[in-house]
Amino acid sequence: MATSTTMDTGKSYHKQATGAAFDTVQRHATDQDITLFAGCFCPFVQRVWVALEYLEIPYKYYEVDPYKKPQELLELSPKGLVPALRLDNYSPPRALNESTVILEYLEDLASLSTKRSLLPPLSDPYARALVRLQADHVNRTIVPAFYRYLQAQDPDAQIAGGREFVDAIETLVGLFERAEREVGGTGLWKEGGELGLADILVGPWLLRATNVLKHYRGLELPRGPKFDGWLNRLLEHPVFKRTCSTEELYLDSYERYAFNRPNTSQVANAINTGRGLP
């Protein structure tokens with residue numbers, strides 16, 4: 001597993017989306033019942049953003065600087081973290097935070113409106129449970145492993161972090177294969193399948209693995225016909241691509257993590273102290 005060979009150039013995080021993501025922001029600049037408080041570089045935001053797009057729920061995109069923690073964000077998200085939703089169809093407006101909770105809310109909302117879903121049909125509760133096992137693994141294992149790997153400074157720790165991250169991805173593949181055996185497949189792992197909850201949950205970190213981890217840690221993702229096909233279907237999915245900025249935004253914004261600068265973020269601090277992610 002390769003280790004870091006780059007130097008810290010002092011680059012800062014971006015405050016405006018670029019590329020296809022910028023175009024999507026422009027299309028969602030008018031007021032709606034739902035406002036997504038977002039940070040363009042944040043993977044937790046991206047998973048919610050993809051869901052809003054896929055479920056075809058009207059929303060306004062509103063960029064905030066989560067490191068500055070403006071009062072309008074703190075009113076929605078007590079820790080000042082993105083994503084957060086402001087729900088203006090209530091009087092006074094109500095709020096939701098935490099990406100996984102927001103995703104559940106959007107799934108429920110879509111069931112009452114657009115009739116689109118990120119889960120197998122209600123008639124197949126076992127398949128839905130298998131997807132939730134996949135989702136649990138992403139949140140508990142893949143996401144923290146990504147940050148441990150990226151923030152590791154010692155070469156031995158970087159090698160161990162790389163192995164942990166790759167092992168976590170291979171475990172997810174095993175869960176996909178289980179679903180394939182038992183229910184015929186779920187999400188985009190199934191050729192001809194639809195974008196699913198597990199795809200959306202892990203996609204932002206796999207995107208950053210292909211640019212950030214490759215650039216700063218020399219990562220090469222696992223290879224194989226089925227994995228390559230799934231990853232291509234995910235990263236090239238039109239809905240997912242609409243939320244992606246140019247590579248420069250990610251490389252610049254994650255340099256602070258790659259060199260583990262002090263107080264990079266609440267997530268970085270949690271990794272450094274061995275605590276759970278906020």
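The preceding data block contains the structure.
Residues numbered from 1 in each chain as written. Predicted model: local features only at pLDDT ≥ 70, side-chain atom pairs only at ≥ 80, totals over all residues. Heavy atoms only, no water.

Chemist: Looking at this structure, how should I read the overall build of the protein chain?
Modeler: Of regular secondary structure, the protein chain possesses 12 helices and 4 strands. At 18 Å, the protein chain has a C-alpha radius of gyration in line with the 19 Å of a compact globule built from 278 residues. A burial count over the protein chain gives 50% of its 278 residues as buried. When contacts within the protein chain are restricted to residue pairs at least 6 apart in sequence, long-range pairs at least 24 apart make up 73% of them. For the protein chain, the accessible area works out to roughly 12700 Å², and carbon and sulfur atoms hold 51% of it. Counting 31 positive and 35 negative side-chain charges, the protein chain places the averaged centre of each group 2 Å from the other. (Helix = DSSP H or I, 4+ residues; strand = E, 2+ residues; numbered from the N terminus. Rg over C-alpha atoms; globule rule 2.2 N^0.38 Å. Buried < 20%, exposed > 50% of the residue type's maximum accessible area, 1.4 Å probe, protein only. Contact = heavy atoms within 4.5 Å. Areas by Shrake-Rupley, 256 points an atom, 1.4 Å probe, with all protein chains shown as cover. Lys, Arg positive; Asp, Glu negative; His and termini not counted. Charge placed at Lys NZ, Arg CZ, Asp CG, Glu CD.)

Chemist: Teacher, can you tell me more about the nonpolar core here?
Modeler: Nonpolar side chains tend toward joint burial in soluble globular proteins. Core analysis: the largest hydrophobic core is formed by 88 residues, its most contacted members being Leu36, Leu106, Tyr147, Leu150, Phe165, Leu221 and Trp230. Look past the residues within four positions of tyrosine 147 in its chain and what remains in contact with it is Pro43, Phe44, Trp205, Tyr257, Val267 and Ile271. (Core = buried A, V, L, I, M, F, W, Y, C linked by side-chain atoms within 4.5 Å.)

Chemist: It is not clear to me how the packing of helix H6 (residues 155-183) against helix H7 (residues 197-217) should be interpreted in this structure. Could you clarify?
Modeler: Two measures define how a pair of helices packs: the angle their axes make with one another and the distance between the axes. Between H6 and H7, the shortest axis-to-axis distance is 13 Å and the interhelical angle comes to 150°. What the angle tells us is that H6 and H7 run roughly antiparallel. Where H6 crosses over H7, the two elements pack in a sense that is left-handed. On H7, the residues that touch Gln158, Phe165, Ile169, Leu172 and Phe176 of H6 are Ala198, Asp199, Val202, Leu206, Ala209, Leu213 and Arg217. Broken down by class, the residue content of the contact of H6 with H7 amounts to 9 nonpolar, 1 polar and 2 charged. (Axes fitted to C-alpha atoms, helices over the stretch in contact; angles between N-to-C directions. Parallel < 35°, antiparallel > 145°, perpendicular 65-115°, else oblique. Left-handed = near helix turned anticlockwise from the far one by under 90°. Nonpolar A, V, L, I, M, F, W, Y, C, P; charged D, E, K, R; others polar.)

Chemist: What is the right way to read the pattern of salt bridges from this model?
Modeler: Oppositely charged side chains may form a pair once their charged atoms are brought near each other. Counting across every chain of the model gives 14 salt bridges. One salt bridge in this structure joins arginine 116 and glutamate 56, with 3.9 Å as the shortest N-O distance. Here arginine 116, found in the loop between helix H4 (99-112) and helix H5 (125-151), pairs with glutamate 56, found in the loop between helix H2 (43-55) and strand E2 (60-63); they are 60 residues apart in sequence, far enough to count as distant. A residue is classified by how much of its surface remains accessible, and arginine 116, at 27% relative accessible area, is partly exposed. Taking the shortest distance from any N to any O, the salt bridge between aspartate 228 and arginine 223 comes out at 3.0 Å. With relative accessibility at 26%, the residue aspartate 228 sits in the partly exposed group. Each of the salt bridges in this network shares a partner with another, and the network as a whole consists of Asp8, Glu255 and Arg261. (Salt bridge = Lys/Arg side-chain N within 4 Å of Asp/Glu carboxyl O.)

Chemist: Is there a simple way to explain the environment of aspartate 228 in this structure?
Modeler: Mapping aspartate 228 onto the fold places it in helix H8 (residues 225-235). Through-space distance from the C-alpha of aspartate 228 to that of glycine 80 is 37 Å; in sequence the pair is 148 residues apart. Dropping the residues within four chain positions of it, aspartate 228 is found in contact with Pro222 and Arg223.

Chemist: What exactly am I supposed to notice about the environment of tyrosine 90 here?
Modeler: Structurally, tyrosine 90 can be placed in the loop between strand E3 (84-87) and strand E4 (94-97). Between the alpha carbons of tyrosine 90 and aspartate 33 there is a distance of 8.6 Å; along the sequence they are 57 residues apart.

Chemist: Looking at this model, I keep getting lost on H8. Mind explaining?
Modeler: It helps to recall that an α-helix has 3.6 residues per turn; residues three or four apart then point in one direction. When H8 is considered as a whole, its buried residues turn out to be Phe227, Trp230, Leu231, Leu234 and Leu235. Along H8, the residues classed as buried sweep out an arc of 120° about the axis, all on the same side. Contacts from the buried residues of H8 go to H6, H7 and helix H9 (238-241). (Arc of directions from axis to C-beta.)

Without other data, these values stay purely geometric and don't point to any function.
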